[in-house]
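# A structural walkthrough
Here's the letter readout for the chains.
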Amino acid sequence: MNKNFDLAIIGAGPAGLSAAVYAARGGLKTIVFEKMLAGGQITVTDEVENYPGINENLNGFDLADRFKAQAEKFGVTIKTADVKEVQEDDKLKKVITDAETYSVKAVIIATGAQPRKLDVPGEQNYTGRGVSYCATCDGPLYRNQTVAVIGGGDSAVEEAIFLTKFAKKVYLIHRRDKLRAVKIVQDRAFANDKIEIIWDTVVKEVKGEQMVEKLDLYNRKTKESSQLEVGGVFIFVGYLPNNDLIKDFAELDAIGFVKANDKMETNVAGIYSAGDLNHKILRQVVTSASDGAIAAFAAEKWIEENF
């Protein structure tokens, strides 16, 4: 394969694939690197109902497949590879993968974020044995069982609702006395008789033998400890940025998300950051797609001016 491209995009989620479409339509020879499955976080979303123009029941995997097919239609090269480093090489940039090195004029980093862990005893030991971060992936394994969901934001509440398709009982455990999810999602949870919310409570330990069997809980208001018997626990307490490729040169917020400007520019000319990796008020498919479009447009103009 010719390893010379105008633009390299790292990450094939909504931001990366949106950037690829805009870049290719702008005439840039574009390659997208993805070390896992194209689509990013949306591939584990049961139903996408808030992306403009999508009226039918469409799961995240199918939407991601549409993104990918659209990019490929415009001639984008999508390659499975693990990018290890991005370097400056005079005016050009080097993208170094686990197997090869590519020379490009500009780079868009859209590596997204990963689920935040609780960091409590038992969580790591029981990951894959009752501890999960993906209800869409693992929900069907818990038919007619009792499970717990940890968190109070959109993801946690939506996944709790999804789990009621399989589980006989879903406990939603939240550390505060009100949910952070949007009202329409909260209302659905409150109306679902399979969901019981445990307020003001945190998980102190995950316990079991071969599989998860119970959770040690602590009520932050009453200071009381208790145990809850469950067959599985699904954790949705936020995300951490996948910033390894960019943290050494980009300005980051306190958590590690990239503080890109309104053109998605980083501190290095010709390197852009887009999607869930960025510091922002909302992380949704539509905002990631928007970031990708802006980054591609800005990269195209920068290439025109510098090459």
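## Regarding the sheet that holds strand S12 (residues 201-208)
Read from one edge to the other, the open sheet built from 3 strands follows the order S12-S13-S14, with strand pairing classed as antiparallel. Each edge of the sheet is formed by a strand with only one pairing partner; in this case those strands are S12 and strand S14 (225-229). Averaged over all neighbouring strand pairs, the angle between strand axes comes to 25°, with direction disregarded. Two strands pair when backbone bridges link them, and S12 and strand S13 (residues 212-219) are joined in this way by 7 bridges, in the antiparallel orientation. Paired with Val203 across the two strands is Leu217, which belongs to S13.

## Some words on a positive patch on the surface
Side chains of Arg175, Arg176, Arg180, Arg220 and Lys223 sit close together on the surface and give a patch of like positive charge. The residue Arg175 is located in the loop between strand S10 (169-173) and helix H5 (183-191) in this model.

## Notes on helix H2 (residues 60-73)
For H2, spanning 14 residues, the distance from its first C-alpha to its last is 20 Å, which sits close to the expected 20 Å at 1.5 Å a residue. Of all the residues in H2, the buried ones are Gly60, Leu63, Ala64, Phe67 and Ala71. Here the buried residues of H2 occupy an arc of 100° about the axis, which is enough to place them on one side. Considering only its buried residues, H2 is in contact with helix H1 (14-25) and helix H6 (285-306). Phi turns positive one or two residues past the end of H2, at Gly75, with a value near 90°.

## Concerning the packing of aromatic side chains
By convention here, two paired aromatic rings are described through the distance between centres and the angle between planes. With the rule as written, the count across this model stands at 6 aromatic pairs. For the ring pair Phe162 and Phe166, a centre distance of 5.4 Å and an interplane angle of 70° mean the geometry is edge-to-face. For Phe166, a relative accessible area of 13% gives the class buried. Counting every residue linked through ring pairs, the aromatic cluster contains Phe5, Phe33 and Tyr102. We note Arg283 situated over the ring of Phe257; from NZ or CZ to the ring centre the distance is 3.8 Å.

How each quantity is defined
Residues numbered from 1 in each chain as written. Predicted model: local features only at pLDDT ≥ 70, side-chain atom pairs only at ≥ 80, totals over all residues. Heavy atoms only, no water. Pairing = 2+ DSSP bridges. Helix = DSSP H or I, 4+ residues; strand = E, 2+ residues; numbered from the N terminus. Axes fitted to C-alpha atoms, helices over the stretch in contact; angles between N-to-C directions. Patch = residues over 30% accessible without salt bridge, like charges linked within 9 Å, V, L, I, M, F, W, Y side chains within 5 Å. Areas by Shrake-Rupley, 256 points an atom, 1.4 Å probe, with all protein chains shown as cover. Salt bridge = Lys/Arg side-chain N within 4 Å of Asp/Glu carboxyl O. Lys, Arg positive; Asp, Glu negative; His and termini not counted. Charge placed at Lys NZ, Arg CZ, Asp CG, Glu CD. Expected span 1.5 Å × (residues − 1). Buried < 20%, exposed > 50% of the residue type's maximum accessible area, 1.4 Å probe, protein only. Arc of directions from axis to C-beta. Contact = heavy atoms within 4.5 Å. Phe/Tyr/Trp six-rings, centres within 6.5 Å; stacked < 30°, edge-to-face > 60°. Lys NZ or Arg CZ within 6 Å of the ring centre and 35° of its normal.

All we've got here are geometric facts, nothing functional implied.
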